[in-house]
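Read off the chains here:
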Amino acid sequence: MSAVIENHHDDHHHGPAKGLTRWLYTTNHKDIGTLYLWFSFAMFLIGGAMALVIRAELFQPGMQIVEPEFYNQMITLHGLIMIFGGVMPAFVGLANWLVPMMIGAPDMALPRMNNLSFWILPFAFFILLSSLFMEGGAPNFGWTFYAPLSTTYAPPSVTFFIFSVHIMGASSIMGAINVVVTIMNMRAPGVTLMKMPLFVWSWLITAYLLIAVMPVLAGAVTMMLMDIHFGTSFFNAAGGGDPVLFQHIFWFFGHPEVYIMILPAFGIVSHIIETFSRKQLFGYSSMVWAMLSIAILSFVVWAHHMFTVGLPLAAELFFMWATMLIAVPTGVKVFNWVATMFKGSLTFETPMLFAIAFVVLFTIGGLSGLMLAIVPADFQYHDTYFVVAHFHYVLVPGAIFSIMAAVYYWIPKWSGNMYDERLGKLHFWLSFIGVNVTFFPQHFIGLAGMPRRYPDYALQFADWNMVSSVGAFLFGVSQILFLFIVLKTVMGGKKATDQVWEGARGLEWTVASPAPYHTFTTPPKVD
Amino acid sequence: MNPEAKKTLRRLVIAVPLMFAFGFALVPLYNVFCEVTGINGKVFQSDDAKELVIEDGRPLGLQFISTNNENMPWIFKPSEEVMTISTGEYYTATYYVKNTTNKTMTAQAVPSVAPSNAAAHLKKLECFCFEQQELAPGEDALLPVRLLVSDELPKNIKNIILSYTIFDVTEYDDETVAQVDSEGHHGMEH
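A. The arrangement of the overall build of chain A in detail. Secondary structure assignment for chain A yields 18 helices and 0 strands. Taken over C-alpha atoms, the radius of gyration comes to 23 Å for chain A, in line with the 24 Å a tight globule of 527 residues would show. Along the first, second and third principal axes, the C-alpha atoms of chain A reach 65 × 60 × 45 Å. When the 527 residues of chain A are sorted by exposure, 54% land in the buried category. Here the analysis covers contacts within chain A between residues at least 6 apart in sequence; of these, 82% occur between residues at least 24 apart.

See the structure below:
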């Protein structure tokens with residue numbers, strides 16, 4: 001026994017440690033990337049189960065399955081878990097796996113902080129989920145936690161919610177700092193900024209956004225904490241505070257946050273479309289500038305979430321035009337993706353299917369966003385299912401499809417095995433149909449006036465709600481297939497070549513498949 | 001780690017508390033912004049009355065509204081719901097208030113003006129909303145607000161609504177609310 005341990009001690013520099021402590025103590029970017037990805041997948045399933053509780057309740061009008069109070073807890077936790085537990089850690093996981101390999105670095109710049117930033121996350125979500133079993137129930141004020149709903153009228157568990165948001169924020173900030181320091185200082189010689197792969201660019205910009213706005217979110221929840229426990233009146237009108245101020249602070253964080261959840265997707269999709277079109281990406285530098293402009297504009301559009309709070313006309317016009325301006329760089333990106341595919345020799349492996357679906361469906365979500373940006377129209381759309389349809393179109397077939405595409409695209413590199421192409425395609429088509437059946441009808445019921453966040457609705461909305469619920473269960477169940485495909489790939493399958501895909505470019509494809517535990521310990525030569 | 005990386009790290013680590021502080025700085029920034037632009041229907045006490053010269057006073061409808069915040073049992077209503085006034089002249093309006101409970105309570109009224117671009121032109125020389133009201137069980141009072149609407153009010157505004165919401169602040173620390181008061185008085189200096 002002890003001999004075995006000694007043995008593995010000698011091997012320390014060549015491979016991972018054995019057993020559970022490998023994962024607890026690891027400072028290896030690939031291990032931490034894997035931990036992040038599995039964690040986000042677990043959260044995706046939990047948050048998804050909550051979405052199915054919501055859709056089951058909305059299958060028919062009237063109260064059927066859950067109490068309204070519990071319904072409110074479900075919509076709140078679904079949003080928080082999917083955003084902070086699903087999408088964001090998945091992107092951090094991908095950054096961990098890919099950024100060092102793409103820039104020719106041996107690891108992340110701050111490996112111990114990397115370990116810490118992952119391992120505090122499970123505690124944050126344990127605290128958040130444990131509030132379900134507390135007296136008064138889990139937070140029930142929606143993921144946007146507007147004051148005074150989240151202060152004066154909040155259940156006692158709100159304090160646990162605040163603490164868990166603090167931990168999630170600390171984790172994201174540490175992850176972001178790590179990414180920036182890595183990208184700015186550890187690129188192999190020859191990898192200049194304008195030669196960096198677009199995923200690296202997208203994460204550099206995302207990391208700066210995270211560092212800028214996560215502390216503001218921490219400030220907002222700290223103010224809530226002080227209002228609740230220490231008698232301050234930041235958001236309490238009786239004491240001279242202002243609930244509208246909460247919304248300004250929240251959305252100052254919240255709007256950059258939505259780009260935090262989409263910029264890495266832009267990077268991923270650019271790589272995949274380039275590979276399966278067997279062409280160089282069209283307009284690399286315009287892609288970089290488009291992402292930079294989107295990131296900068298994201299700081300001056302926040303009030304488009306609050307057009308109906310009674311902003312002065314000048315502010316409404318400013319925020320309307322600033323918001324519409326974002327369609328320009330976004331349009332440039334969509335144009336470049338299509339131009340990359342134009343006259344390419346396309347093949348449609350699973351990652352490419354997800355990437356093309358991303359381009360089409362994200363554009364639909366972008367267009368409904370443009371509709372919502374129009375102030376007079378927004379007065380009608382505000383807080384209806386049209387908004388729900390809009391942000392689910394940019395987040396599910398947007399962010400989440402890009403993550404799935406990334407998993408299919410890079411899993412041969414991670415595991416050394418090819419996934420089952422037939423099952424992958426089946427997963428894609430089930431997800432594609434499921435997503436559209438779920439969310440497209442929500443445009444109709446939203447335009448017809450169904451408000452969001454209610455557990456019940458008027459009879460005229462019944463048909464489309466039923467369709468939407470059917471789609472949601474189809475989408476939800478297909479993700480079990482995804483889990484199966486990933487497990488099957490990790491455990492075995494056709495061996496992957498080093499380049500994996502015929503058209504793949506980039507440093508990560510020059511190392512062996514599966515990627516060795518330590519890569520680029522001596523920097524590669526890049527011309 | 002090389003010194004360049006340390007420099008990057010140091011900058012980023014400093015940025016985090018700065019952005020945290022910026023979040024808190026948004027609170028005074030927001031108040032100053034609302035005060036300067038007069039938006040958000042916030043009215044601050046003014047003492048620059050002498051500068052206001054009556055030139056061509058025009059008639060204007062002034063409507064008074066009262067709202068009780070949730071769980072506030074007092075009777076609270078304007079003595080007159082509508083007044084016809086002239087711009088550039090002082091008027092005093094009153095609100096009737098009565099503590100209907102059997103315990104001594106403290107209340108704070110929070111004003112709001114609609115349309116919001118009228119707020120900057122509504123000058124209050126005196127208002128019960130500048131301080132808290134403490135009433136014994138069953139006690140009642142007439143609370144005055146002395147105000148003037150400046151001639152500079154945009155011509156398209158024919159009616160102004162002045163609304164007060166009354167909050168039960170018995171449980172609150174007096175000091176907390178006193179801070180608000182001083183913020184209100186801060187408006188005097190500009």
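From this point, things continue past the structure.
B. Molecular detail of the sheet that holds strand β8 (residues 140-149) of chain B. All names here are of chain B. Sheet architecture is open: 4 strands sit in the order β2-β4-β8-β6, paired in antiparallel fashion. For this open sheet the edge positions go to β2 (75-78) and β6 (122-127), each flanked by a neighbour on one side alone. Going from strand to strand, the sheet's axes swing by 25° on average, the running direction of each strand aside. Sheet topology note: the strand β4 (residues 90-98)/β8 ladder contains 9 bridges and is antiparallel. If you follow Thr94 over to β8, its bridge partner there is Pro144.

C. Up close: helix α17 (residues 421-447) of chain A. In a regular helix each residue adds 1.5 Å, so 27 residues correspond to 39 Å; α17 of chain A covers 39 Å between its end C-alpha atoms and thus fits that length. Phi turns positive, to about 110°, at Gly449 of chain A, one or two residues after α17 of chain A.

D. Inspection of the sheet that holds strand β5 (residues 105-114) of chain B at higher detail. Residue and element names in this part refer to chain B. What the 5 strands build is an open sheet, ordered β3-β1-β9-β5-β7; its pairing is mixed. Since the sheet does not close on itself, it has two edges, and those belong to β3 (82-86) and β7 (133-135), each with one partner. Mean inter-strand twist for the sheet, computed between neighbouring axes without regard to direction, equals 30°. Pairing geometry for β5 and β7, over 3 bridges, is antiparallel. Bridging across to β7, Met105 finds its partner in Leu135.

E. Structural context of the nonpolar core. Among the nonpolar cores identified, the biggest contains 172 residues, and Val87, Val200, Val269, Phe354, Phe358 and Ala405 of chain A are the most heavily contacted of them. If near-sequence neighbours (up to four positions away) are discounted, Phe358 of chain A is found in contact with Ala265, Val269, Pro397, Gly398, Phe401, Ser402 and Ala405 of chain A.

F. Spotlight on the interface of chain A and chain B. Contacts between chain A and chain B engage 29 residues on the former and 34 residues on the latter. Contributions of two or more residues to the side of chain A that touches chain B are made by α7 (158-185), α8 (198-229) and α9 (243-260) of chain A. Here the element with the most residues in the side of chain A that touches chain B is α8 of chain A; it accounts for 7 residues. Considering only residue class, the side of chain A that touches chain B consists of 20 nonpolar, 9 polar and no charged.

G. Up close: the confidence of the model for chain A. Residues with a pLDDT of 70 or more make up 97% of chain A, whose mean pLDDT is 94. Contacts for the low-pLDDT stretch residues 1-12 of chain A, under 50 throughout, to residues beyond four places or in other chains number 2 contacts.

H. Geometry of the pairing of β2 of chain B. Residue and element names in this part refer to chain B. Judged by which residues are buried, β2 turns out to be one-sided: Phe76 and Pro78 face inward and are buried, whereas Ile75 and Lys77, on the alternate face, are not. Sheet analysis places β2 next to β4, joined by 4 bridges and oriented antiparallel. Among the inter-strand pairings, Ile75 is bridged to a residue of β4, identified as Lys98.

I. Region of the structure containing unusual backbone geometry. Going from Ala147 of chain A to Pro148 of chain A, the amide bond is cis rather than trans, its omega being 5°. Looking at where Pro148 of chain A falls in the secondary structure, it is placed in the loop between α6 (121-130) and α7. Between Ala114 of chain B and Pro115 of chain B the backbone carries a cis peptide bond, its omega angle lying at -10°. If you trace the backbone, Pro115 of chain B turns up in the loop between β5 and β6. Located in the positive-phi region is Lys343 of chain A, a residue other than glycine, with phi close to 60°. Here Lys343 of chain A lies in the loop between α13 (327-341) and α14 (350-373). The class of Lys343 of chain A is exposed, set by 9 C-beta atoms lying within 10 Å.

J. Geometry of the packing of helix α4 (residues 68-103) of chain A against α7 of chain A. Residue and element names in this part refer to chain A. Orientation of α4 relative to α7, taken along the N-to-C sense of each, is 20°, at an axis distance of 11 Å. The orientation of α4 relative to α7 falls into the category roughly parallel. Note that α4 runs across α7; the crossing there is left-handed. Side by side, α4 and α7 meet where Phe84, Met88, Val92, Ala95, Val99, Pro100 and Ile103 of the first sit next to Met168, Ser172, Gly175, Val179, Thr182 and Ile183 of the second. In terms of residue class, the contact of α4 with α7 is made up of 10 nonpolar, 3 polar and no charged.

K. Up close: the packing of helix α10 (residues 263-277) of chain A against α14 of chain A. All names here are of chain A. At their nearest, the axes of α10 and α14 sit 9 Å apart, and the two run at 125° to each other. Classified by the angle their axes make, α10 and α14 are oblique. Like other packed secondary-structure pairs, α10 and α14 cross with a definite hand, here left-handed. On α14, the residues touching Ala265, Val269, Ile272, Ile273 and Phe276 of α10 are Pro351, Met352, Ala355, Phe358 and Val359. Its residues assigned to classes, the contact of α10 with α14 comprises 10 nonpolar, no polar and no charged.

L. Geometry of the environment of Arg58 of chain B. All names here are of chain B. On the secondary structure map, Arg58 appears in the loop between α1 (3-37) and β1 (59-68). In this structure Arg58 comes out as partly exposed when scored by C-beta crowding, with 14 C-beta atoms within 10 Å. Through-space distance from the C-alpha of Arg58 to that of Glu89 is 10.0 Å; in sequence the pair is 31 residues apart. Not counting the four nearest positions on each side in its chain, Arg58 is found in contact with Ser86 and Thr87.

M. View of the environment of Phe44 of chain A. Residue and element names in this part refer to chain A. For Phe44, the position within the fold is in helix α3 (residues 29-57). A count of 22 C-beta atoms within 10 Å places Phe44 in the buried class. Sequence separation of Phe44 and Ile400 is 356 residues, and the distance between their C-alpha atoms is 9.6 Å.

N. Representation of the confidence of the model for chain B within the structure. Residue and element names in this part refer to chain B. Confidence along chain B averages 81 in pLDDT terms, with 80% of residues attaining 70 or more. Ranking the helices and strands of chain B by mean pLDDT puts β2 first, with 92, and helix α2 (residues 174-186) last, with 43. Every residue in residues 175-190 scores below 50 in pLDDT, and together they form 28 contacts with partners more than four places removed in sequence or on other chains. Scoring the predicted complex yields pTM 0.88 and, for the interface, ipTM 0.89.

Rules and cut-offs
Residues numbered from 1 in each chain as written. Chains lettered and ligands numbered in written order. Predicted model: local features only at pLDDT ≥ 70, side-chain atom pairs only at ≥ 80, totals over all residues. Helix = DSSP H or I, 4+ residues; strand = E, 2+ residues; numbered from the N terminus. Rg over C-alpha atoms; globule rule 2.2 N^0.38 Å. Buried ≥ 20, exposed ≤ 12 C-beta atoms within 10 Å, placed from the backbone. Contact = placed C-beta atoms within 7 Å. Pairing = 2+ DSSP bridges. Axes fitted to C-alpha atoms, helices over the stretch in contact; angles between N-to-C directions. Expected span 1.5 Å × (residues − 1). Core = buried A, V, L, I, M, F, W, Y, C linked by C-beta atoms within 7 Å. Nonpolar A, V, L, I, M, F, W, Y, C, P; charged D, E, K, R; others polar. pLDDT = per-residue confidence, 0-100. Parallel < 35°, antiparallel > 145°, perpendicular 65-115°, else oblique. Left-handed = near helix turned anticlockwise from the far one by under 90°.

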